[in-house]
Amino acid sequence: MAQAPATSKSKRAALRLSAAFGGAGLARRLSPGPSERAALDLREVPAGQAEASEVRFLIPLVGPHHVSDWDAVTARLQATLSGFLAQADPRWRAIICCQTRPPLPADPRISHLPFEDPTPGNDKWRKLAALCDHLPRVASGPGYSMSFDADDLPHRGLVGEMLRRQARGGYLVEAGYVMDHATGDIALADAPSLAQPLRKPFWKLCGSCCALCHDPGDTRANAFLRAMTAHEHRMFPYLAALAGRRLTPLQDASVLYVLNHGENFGARRGRVGFKTRFVQRFKLGDATRLAQIAQDFPRP
């Protein structure tokens, strides 16, 4: 299972307009892809009114046979998990999917899902599919489901903000930080502004960017979560909107994405260079703000 290809922007616009003005039935006449069909199926189910009870982090971890330094990979996972353990609100769970069980903290909210598919090649999206299929076995009732990379770092208030605000569709990380591990520089990724018209929002740079309001007891919701996470992250807001689950931007800069640490997934695809340039262009220089970031995020 390879990453699902993105839909062209023109077709995205046509499908969204058709669904908005003619409903899911009209949009289905435009030959939607599998994820769009799943979105249109979910669109016919009104968003629930029940309160989300927890945040579920779905973490596909690269296998040791794909990396040069497994200890470095597991150390970065430990930093990510430390960020969950440091959350001000304890209502979360994290599931890590990998061929080999990594060292994990002794916390019942953290579990390992074994992955035994021997198909060669990049298995990140097959692991995400396995996590989506597994979630209904361990969670029930509405919550926020978020695919989260094993080397990204959550703000200590991430879970609390989601559960306090109770956005019906889910959340989008529009503001977040990007750190170049090689230099220690940190940049703010956020929506463009008059002062920074070329800045990019975080969700265009990092996959740990979308928390979907999701009930594992709803088969259509499960099918949509699985289909959405088969795509690259730039498709997430479009697919959620097509499903009638519009994403609400989080108020805080909620995730820190670390580049150039040696085992980045993006580096294996040759896609880190422009992000390194982004950090240099938009790096932060305010000492007070940098000190606050150091308090709010576990450091790698």
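Residues numbered from 1 in each chain as written. Predicted model: local features only at pLDDT ≥ 70, side-chain atom pairs only at ≥ 80, totals over all residues. Heavy atoms only, no water.

(A) Summary view of helix H6 (residues 219-228). Taken residue by residue, H6 has Ala 221, Asn 222, Phe 224, Leu 225, Ala 227 and Met 228 as its buried positions. For H6, the side-chain oxygen to backbone nitrogen distance between the N-cap and Arg 220 is 2.9 Å, and the N-cap itself is Asp 218. (Buried < 20%, exposed > 50% of the residue type's maximum accessible area, 1.4 Å probe, protein only. Helix = DSSP H or I, 4+ residues; strand = E, 2+ residues; numbered from the N terminus. Polar contact = N/O pair within 3.5 Å; in protein donor to acceptor, adjacent residues only side chain to side chain.)

(B) Summary view of the packing of helix H1 (residues 9-28) against helix H2 (residues 34-43). Interaxial distance between H1 and H2 falls to 10 Å at its minimum, and their mutual angle equals 85°. Taken together, the axis directions place H1 and H2 in an arrangement best described as roughly perpendicular. Touching Leu 15, Ala 19, Ala 20, Ala 24, Ala 27 and Arg 28 of H1 are Glu 36, Leu 40, Asp 41 and Arg 43, all from H2. Its residues placed into classes, the contact of H1 with H2 shows six nonpolar, no polar and four charged. (Axes fitted to C-alpha atoms, helices over the stretch in contact; angles between N-to-C directions. Parallel < 35°, antiparallel > 145°, perpendicular 65-115°, else oblique. Contact = heavy atoms within 4.5 Å. Nonpolar A, V, L, I, M, F, W, Y, C, P; charged D, E, K, R; others polar.)

(C) A look at the sheet that holds strand E8 (residues 186-189). If you trace the four strands from one edge of the open sheet to the other, you get E5-E11-E7-E8, paired in mixed fashion. Both outer strands of the open sheet, strand E5 (153-154) and E8, are each paired with one neighbouring strand and no more. When strand E7 (residues 176-180) meets strand E11 (residues 255-259), the two strands line up parallel, connected through four bridges. Across the sheet, the residue bridging to Met 179 is Val 258, located in E11. Taken strand by strand, helix H9 (residues 273-282) contacts E7, E8 and E11, and its axis lies near 95° from that of E8. (Pairing = 2+ DSSP bridges.)

(D) Seen up close, the nonpolar core. Phe 57 and Tyr 144 are the most contacted members of the largest nonpolar core, which totals 82 residues. When residues of this core are assigned to their parent elements, the largest contribution, six residues, is made by strand E2 (residues 92-98). Not counting chain neighbours up to four residues away, the residues in contact with Phe 57 comprise Phe 84, Trp 92, Arg 93, Ala 94, Ile 95, Met 146, Phe 148, Leu 158 and Val 159. In terms of nonpolar packing, the next biggest core, distinct from the first, is built from 13 residues, Ala 175, Leu 188, Leu 284 and Ile 293 among them. (Core = buried A, V, L, I, M, F, W, Y, C linked by side-chain atoms within 4.5 Å.)

(E) Spotlight on the sheet that holds E2. Read from one edge to the other, the open sheet built from seven strands follows the order E3-E2-E1-E4-E9-E6-E10, with strand pairing classed as mixed. Only two strands of the sheet have a single neighbouring strand rather than two, namely strand E3 (110-114) and strand E10 (248-249). Across four bridges, strand E4 (residues 143-147) lies against strand E9 (residues 210-214) in antiparallel orientation. Across the sheet, the residue bridging to Gly 143 is His 214, located in E9. Sheet strands touched by helix H4 (residues 124-138): strand E1 (55-60), E2, E3, E4 and E9. Its angle to E1, the strand with the most contacts, is close to 145°.

(F) Representation of the packing of aromatic side chains. This model, assessed by the stated rule, comprises seven aromatic pairs. A ring pair is formed by Phe 57 and Phe 148, whose centres lie 5.6 Å apart and whose planes are at 80°; its orientation type is edge-to-face. On the criterion of sequence distance, the pair formed by Phe 57 in strand E1 and Phe 148 in the loop between E4 and E5 is long-range, its members being 91 residues apart. Comparing Phe 57 with Phe 148, the two get one shared label, buried. Among the aromatic residues, ring-to-ring pairing joins Phe 57, Phe 84, Trp 92 and Phe 148 into one connected group. Here the basic side chain of Arg 12 rests over the ring of Tyr 238, its NZ or CZ set 5.7 Å away from the ring centre. (Phe/Tyr/Trp six-rings, centres within 6.5 Å; stacked < 30°, edge-to-face > 60°. Lys NZ or Arg CZ within 6 Å of the ring centre and 35° of its normal.)

(G) Structural context of the side chain of Glu 36. Locating Glu 36 in the fold gives a position in helix H2. The charged side chain of Glu 36 is buried without a salt bridge, its nearest counter-charge being Lys 11 at 5.1 Å. Every residue in contact with Glu 36, bar those within four places of it in the chain, is listed here: Thr 7, Leu 15, Tyr 238, Leu 239 and Leu 242. (Lys, Arg positive; Asp, Glu negative; His and termini not counted. Salt bridge = Lys/Arg side-chain N within 4 Å of Asp/Glu carboxyl O.)

(H) Quick peek at the pairing of E4. Counting buried residues along E4, five of its five residues qualify, which places the element largely inside the surrounding structure. Note: E1 against E4, four bridges, orientation parallel. When the bridges of E4 are listed, Val 55 appears paired with Tyr 144.

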